Amino acid sequence: MKLQRELQIVNRLGLHARACAKLVKTANQFESDIVLRQNEHQADAKSIMGLMMLAATQGTRLTVITSGADAEDAMTQVQHLINNRFEEDE
Amino acid sequence: MLSLSGTGIGRGIAIGRAIVLDQGHNDIPCYRISATALSGEIERFNHAVDAVRADLKRVQRNLPTDAPPETSAFIDVHLLMLDDPVISQQPVQTIQEQQQNAEWALKSHADTLIDFFEDIADPYLRSKKNDVAQVVGRIMGELAHSPGKQPSDLATLGSSLAEQIIVARDLTPADTIMLRGRNMAAFVTSLGGPISHTAILARSLGLPAIVGLHDVIDTIHNNDLLIVDAATGTVLVAPDEPLLAQFRELQQQHLRHQQRLTLLKSEKAVTQDGEAITLLANIELPEDIEGLRSAGAAGVGLYRTEFLFMNRPKPPSEDEQYQAYCHVLRRVEGPVTIRTLDLGADKQVDGGRPDRETTATSALGLRAIRLCLSEPSLFKPQLRAILRAAVHGDAQIMIPMLSSLRELEQSLALVGEVCAELEREAVAFNPKVPLGGMIEVPAAAVSADLFARKLDFLSIGTNDLIQYTLAIDRVDDSVNYLYDPLHPSVLRLIRTVIRAGHEADIPVSMCGEMAGDPAFTRLLLGLGLRHFSMEPSQLLEIRQQVRQSTLAGLSGQVTDILNCVETGSLYDLVDQLNQTDSD
């Protein structure tokens with residue numbers, strides 16, 4: 001199964017180190033491949049360096065692509081984390 | 001196998017494993033890994049990553065309860081970065097494919113990452129390059145402690161370096177102090193000539209050394225098997241078994257020669273025609289006294305005192321110096337010539353000049369007696385300590401680097417002042433300590449007769465005399481080829497000094513490297529020299545040379561050498577001199 005969804009980074013600091021760490025930890029719970037794409041750049045959600053190098057600031061639009069047996073759950077969790085500002089206050 | 005050539009010091013042969021000293025010239029070591037060693041290097045890298053991971057987890061587990069809540073999250077970031085393929089897997093590929101060492105492979109990937117972050121517009125995200133640097137730094141730190149082929153830090157080496165060969169860019173006087181007593185087999189350096197500190201150290205320890213290897217030294221790695229052949233100035237890297245066997249045999253022959261020389265220990269240093277020659281030792285550390293005894297020296301012609309001032313933040317007190325001088329005086333029979341502080345130039349020492357770190361390090365700068373006269377608070381405690389210690393033995397004071405009579409007058413005045421002080425304080429001291437000067441500046445050599453009238457003895461320091469006369473910077477490798485003890489100007493200056501001493505009826509000795517080189521013994525005898533001071537390891541060789549020489553006729557042959565205008569035949573003439581009637 002393969003899913004694709006447009007998401008926006010809403011937390012103030014963007015995809016900073018701790019946010020990336022949370023995303024990687026979340027992504028690692030799934031078998032599926034999880035990729036974040038921003039224009040021509042693409043990062044594996046299981047690689048913290050890749051995510052950090054996307055340098056996605058607040059307001060950045062990303063395409064999340066999940067593919068694999070648990071792609072649906074993976075998408076739900078990733079979407080939840082991003083929309084909840086990585087559990088940060090702002 | 002690889003063969004490298006430089007300038008050999010001594011005649012010995014050493015076989016051993018390389019210890020490459022990391023001297024901070026290349027923070028991140030870079031070298032090639034042989035195909036057979038690749039898996040070991042990858043393992044070393046993986047071990048380092050594992051060690052950092054274990055360490056971070058330990059820190060995370062043991063966080064103090066009052067630590068900010070984000071701390072654990074930040075450690076998570078570093079743990080995840082550590083597990084990221086960019087950090088933990090791509091360097092492994094680079095080690096494998098490009099046969100690079102772990103540090104360099106990691107550095108090249110880290111640099112790419114850091115460059116990338118630096119280009120990010122958002123300042124907060126850009127600052128994440130620091131996290132990369134921190135994680136990489138931790139791995140580098142682990143690699144530096146793992147037993148790989150990377151350079152070693154002198155301070156962390158074990159106390160015994162038996163069958164190991166020190167490989168370094170250059171050795172400073174402070175390094176040479178730290179290396180004494182560690183029993184290494186040889187030295188190999190990229191810089192340095194025949195009178196570099198490495199060379200002097202090697203001679204004093206009786207070890208072979210190869211200096212002036214230039215960049216080729218970079219091809220030697222920690223733990224490489226090396227053969228050092230000082231006689232030919234060759235270093236063989238990773239020799240095969242037949243070659244090893246051949247050199248082991250040569251090594252045995254050399255040892256047998258050395259053993260035969262030890263039979264000369266109690267024989268007198270007398271020429272064939274009955275003239276007694278005084279053979280003295282140059283010493284530095286109290287341990288050197290043992291070598292002096294076993295080679296039967298008649299005393300100490302040069303006691304270097306700088307070591308007391310090295311590797312420490314403050315100069316030693318008068319009492320500490322007094323104890324050190326007493327120690328030597330009580331153990332040596334015969335005169336002990338104590339050279340006052342010869343600091344400055346290439347001997348930069350913390351203890352000697354606490355607030356002068358920025359002073360130019362030129363050999364022509366504020367050093368030796370110049371420094372001492374400009375800082376009486378440094379000089380006077382040393383003079384007091386020597387005068388007090390002289391109660392316990394036959395001490396002499398020798399002032400280095402005199403260039404003007406004014407310096408001599410000032411020094412004599414200071415000695416007088418110190419004597420008066422000691423007298424007033426009713427402290428025991430010897431007011432009749434002979435005072436001599438080192439003649440190593442051409443100005444002093446040319447006017448040696450004037451200096452001789454005010455001094456009790458002269459001592460020729462050939463190392464500096466040669467470099468100043470020929471305008472050679474001793475630490476500049478590129479002009480080393482000009483260093484020539486047989487330059488007519490050098491020989492004429494030596495003759496001038498010896499004659500000045502004879503006319504003033506005071507002894508003249510020589511304490512430079514020339515005095516301990518058997519190739520020059522007859523030449524110096526012919527020039528009228530009767531007192532030789534050298535590294536203890538050279539004493540037996542020179543004794544043998546003296547005993548095989550006949551003074552009669554030497555001075556005529558030496559005059560021919562001094563008047564020789566054909567540079568090519570100069571060395572032939574010296575060879576002839578050395579061959580006549582040798583046993």
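The model shown is predicted, which means the values in this text are computed figures rather than measured ones.

## What to know about helix 22 (residues 554-562) of chain B
Residue and element names in this part refer to chain B.
Here comes step 1: The set of residues buried in helix 22 consists of Leu554, Val558, Ile561 and Leu562. In an axial view of helix 22, the angular spread of the buried residues amounts to 95°, which keeps them on one side of the axis.
Here comes step 2: Contacts made by the buried residues of helix 22 are with helix 19 (488-504), helix 20 (521-526) and helix 23 (567-579).

## Section: the sheet that holds strand 3 (residues 41-44) of chain A
All names here are of chain A.
Here comes step 1: Taking strand neighbours across the sheet as the criterion, the 4 strands line up as 1-4-2-3 in an open arrangement whose pairing is antiparallel. With one partner strand each, in any of the chains shown, strand 1 (2-8) and strand 3 form the two edges of the open sheet. Averaged over neighbouring strand pairs, the angle between their axes works out to 20° when direction is ignored.
Here comes step 2: Judged from the 5 bridges that link them, strand 2 (residues 33-38) and strand 4 (residues 61-67) form a sheet pairing that is antiparallel. The residue of strand 4 that forms the bridge with Arg37 is Thr63.
Here comes step 3: Seen against the sheet, helix 3 (residues 71-83) touches strand 1, strand 2 and strand 4 and runs at an angle of roughly 5° to strand 1.

## Considering unusual backbone geometry
Here comes step 1: Within the chain, Glu87 of chain A stands out as a residue other than glycine whose phi angle is a positive 60°.
Here comes step 2: In this fold, Glu87 of chain A is placed in the segment after helix 3.
Here comes step 3: Of note, the phi angle at Ala471 of chain B is positive, near 55°, even though the residue is not glycine.
Here comes step 4: Tracing the backbone through its elements, the reader meets Ala471 of chain B in the loop between helix 18 (462-469) and helix 19.
Here comes step 5: Given the relative accessible area of 68%, Ala471 of chain B is considered exposed.

## Re the domain arrangement of chain B
Here comes step 1: One can read the domain layout of chain B as domain 1 (2-23 + 152-259), domain 2 (35-145) and domain 3 (267-579).
Here comes step 2: Once you take the C-alpha centre of each, domain 1 of chain B and domain 2 of chain B turn out to be 36 Å apart.

What counts and what doesn't
- Residues numbered from 1 in each chain as written.
- Chains lettered and ligands numbered in written order.
- Predicted model: local features only at pLDDT ≥ 70, side-chain atom pairs only at ≥ 80, totals over all residues.
- Heavy atoms only, no water.
- Buried < 20%, exposed > 50% of the residue type's maximum accessible area, 1.4 Å probe, protein only.
- Helix = DSSP H or I, 4+ residues; strand = E, 2+ residues; numbered from the N terminus.
- Arc of directions from axis to C-beta.
- Contact = heavy atoms within 4.5 Å.
- Pairing = 2+ DSSP bridges.
- Axes fitted to C-alpha atoms, helices over the stretch in contact; angles between N-to-C directions.
- Domains from an automatic or database assignment.

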